[in-house]
Amino acid sequence: MSLVGLDIGSKTIKAIELSKEKETFVLKAAGVIAYNGIDLEHIQDEKDFVKLAQSIKQLFKDIKISTKNVNISLPEAQVFTRSINYPWLTDQEIASAIKWEAEQYIPIPIAEAIVQHQILERKQNTTPPEVAVLLVASPRALVEKYVRLVTMAGLNCVFVETELIALARSLAPINQTCLLIDFGARSTDLAIVKNGMLMFSRSIPTGGEAFTRAVAQYLGVNPSQAEEYKKTYGLSVSQLEGKVSAAIDPVFRIVSEEIKKAIHYYQTELKGEQPALVILSGGASGMPEASTYLTRAIGVEVAVGNPFTKVQMQTNVAKTLTAYGPLYAIAAGLAMRGE
């Protein structure tokens, strides 16, 4: 049985089909397609819906995906995730408590939201004992929009979850606390994951497009040229006289400061431990010297994530795909969810 992870980003659509054989995932198909000018979160025009559905259909046809069953993710900036500590209650009592209390934790009316929860850990050693619960709320209209799009593309939506929960599944080590940083086009999403479980998340409204704009303005070049400079030279001070680095640095510093604040909040307010590792994903994670810059700024080892370490594939395919690993991390995590 195989399942597809479908990641509908603001600039690209990524899809991965995996099959599970015993305890191993096997790659069956993977691909990406770019699209421009359509923002699914604010889409109103029916023609745009049709265009986007056609793009998804084309991607599935091009990479020869064999099933219509897909898992999809919602953009982190549009969902509300919060960790809550409850007294030592049973699973059923927690579900009941959340049903009655969820409204006080989310910024939208409960009637307009889809609310889910996950028990993170039972803390027997605290006084009194507590249960840590992750609460996730999504605007019902947003979920319906994504499901409708997938249906229009002739697919069957099996499950919907947040991008960071999918990312944690594909990238986070099981036996330690790590920080995941996902660079999207319009936002940078952060997740602190403990033993494979999402404990804390935050979305920063600055991403790859902001880095590109900074380069375009600083060097006086058009956006497509700026994008190439960003990918080629990034934060390297030794390339192109450090001009690209000088352009990106002020914007990247804003992101790194927000990352430090998020870690501090997790440690002080949620009493969590310092992440032992930082893992990058998303388009801008491949910028030269990005991981070196963040290692210096945060004081924690930083590595670029590779979701394919958990996936079997042919050697020639692995050589091609591994370089694009950070782009596929969410889609891979969705496909790994199973049914």
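Above: the structure in question.
Anyway, here's the lowdown on the structure attached to this text. Small disclaimer: the values here were computed from a predicted structure and weren't measured.

Counted by the stated rule, this structure contains 8 aromatic pairs. Note on Tyr229 and Tyr233: the rings are 5.8 Å apart at their centroids and 40 degrees apart in plane angle, and the pair reads as tilted. In this pair, Tyr229 and Tyr233 are both assigned in helix H6 (residues 223-233), 4 residues apart and thus about one turn of the helix distant. On the accessibility criterion, Tyr233 (19% relative accessible area) is buried. Here a set of aromatic residues connected by ring pairs shows up, and it is made of Phe183, Phe211, Phe252 and Tyr293.

Before going further, it helps to examine the side chain of Thr67. Tracing the chain through its elements places Thr67 in the loop between helix H1 (46-62) and strand E4 (69-74). Looking at Thr67, its side chain comes within polar contact range of the main-chain nitrogen of Asn69, at 3.1 Å. Excluding its chain neighbours within four sequence positions, the residues that come into contact with Thr67 are Ser2, Leu3, Val4, Glu17 and Phe60.

Another point: the pattern of salt bridges. Summed over the entire model, instances satisfying the criterion amount to 14 salt bridges. Taking the shortest distance from any N to any O, the salt bridge between Arg122 and Asp91 comes out at 2.7 Å. In this pair, Arg122 sits in strand E6 (residues 113-123) while Asp91 sits in helix H2 (residues 91-101), placing the two residues 31 residues apart along the sequence. By relative accessible area, which is 32% here, Arg122 ends up partly exposed. Asp249 is paired through a salt bridge with Arg253; the nearest N and O atoms lie 2.3 Å apart. Here Asp249 and its partner Arg253 are both found in helix H7 (residues 243-268), 4 residues apart, which amounts to about one turn of the helix. Asp249 sits in the buried class, given a relative accessible area of 18%. Shared partners join several salt bridges into a network, and the residues in it are Lys11, Arg186 and Glu209.

Turning our eyes to something else, we now look at the sheet that holds E6. If you trace the 3 strands from one edge of the open sheet to the other, you get E5-E7-E6, paired in antiparallel fashion. Among the strands making up the open sheet, the edge pair consists of strand E5 (80-87) and E6. Neighbour-to-neighbour, the strand axes of the sheet open up by a mean angle of 25 degrees, direction not taken into account. As judged from the 10 bridges shared by E6 and strand E7 (residues 130-139), these two strands associate in the antiparallel manner. What sits directly across from Ile119, in E7, is Val133. The sheet strands contacting H2 are E5, E6 and E7, and the helix crosses E6 at an angle near 140 degrees.

Structurally, the position occupied by Ser19 is in strand E2 (residues 12-21). With a relative accessible area of 10%, Ser19 lands in the buried category.

Now for the nonpolar core. Ranked by internal contacts, the top residues of the largest apolar core, which has 57 residues, are Leu180, Ile181, Phe183, Phe211, Phe252, Ile259 and Leu294. The greatest single-element share of this core, amounting to 10 residues, is contributed by H7. Judged by nonpolar contacts, the second largest core, of 30 residues, contains Leu52, Phe60, Ile63 and Leu149.

Looking now at the sheet that holds strand E8 (residues 156-162). Here we have 6 strands laid out as an open sheet, ordered E8-E4-E1-E2-E3-E14, and mixed in their pairing. The strands lining the two open edges of the sheet, one partner per strand, are E8 and strand E14 (311-312). Both strand E1 (residues 2-8) and E2 contribute to a ladder of 7 bridges, which runs antiparallel. Within E2, the position partnered with Val4 by the bridge is Glu17. Where helix H3 (residues 140-152) meets the sheet, its contacts fall on E1, E4 and E8, and the angle it forms with E4 comes to roughly 145 degrees.

Axis angle and axis distance: for two packed helices, these are the angle between their axes and the distance between the axes, and together they describe the pair. At a minimum axis separation of 10 Å, H7 and helix H8 (residues 290-298) run at an interaxial angle of 50 degrees. Taken together, H7 and H8 sit at an angle that is classed as oblique. As H7 runs across H8, the sense of the crossing is right-handed. Only Ala290, Tyr293, Leu294, Ala297 and Ile298 of H8 make contact with H7, whose side of the interface consists of Asp249, Phe252, Arg253, Ser256, Ile259, Lys260 and Ile263.

Moving on: the pairing of strand E12 (residues 277-282). By the criterion of burial, E12 is predominantly enclosed, with 6 of the 6 residues buried. Judged from the 6 bridges that link them, strand E9 (residues 177-183) and E12 form a sheet pairing that is parallel. The residue bridging Phe183 from the neighbouring strand is Gly282, located in E12. Strand direction decides the pairing type here: E12 and strand E13 (residues 302-304), joined by 3 bridges, are parallel. In the strand pairing of E13, Val278 is matched with Val302.

Here is what the cut-offs are and how they apply
Residues numbered from 1 in each chain as written. Predicted model: local features only at pLDDT ≥ 70, side-chain atom pairs only at ≥ 80, totals over all residues. Heavy atoms only, no water. Phe/Tyr/Trp six-rings, centres within 6.5 Å; stacked < 30°, edge-to-face > 60°. Helix = DSSP H or I, 4+ residues; strand = E, 2+ residues; numbered from the N terminus. Buried < 20%, exposed > 50% of the residue type's maximum accessible area, 1.4 Å probe, protein only. Polar contact = N/O pair within 3.5 Å; in protein donor to acceptor, adjacent residues only side chain to side chain. Contact = heavy atoms within 4.5 Å. Salt bridge = Lys/Arg side-chain N within 4 Å of Asp/Glu carboxyl O. Pairing = 2+ DSSP bridges. Axes fitted to C-alpha atoms, helices over the stretch in contact; angles between N-to-C directions. Core = buried A, V, L, I, M, F, W, Y, C linked by side-chain atoms within 4.5 Å. Parallel < 35°, antiparallel > 145°, perpendicular 65-115°, else oblique. Left-handed = near helix turned anticlockwise from the far one by under 90°.

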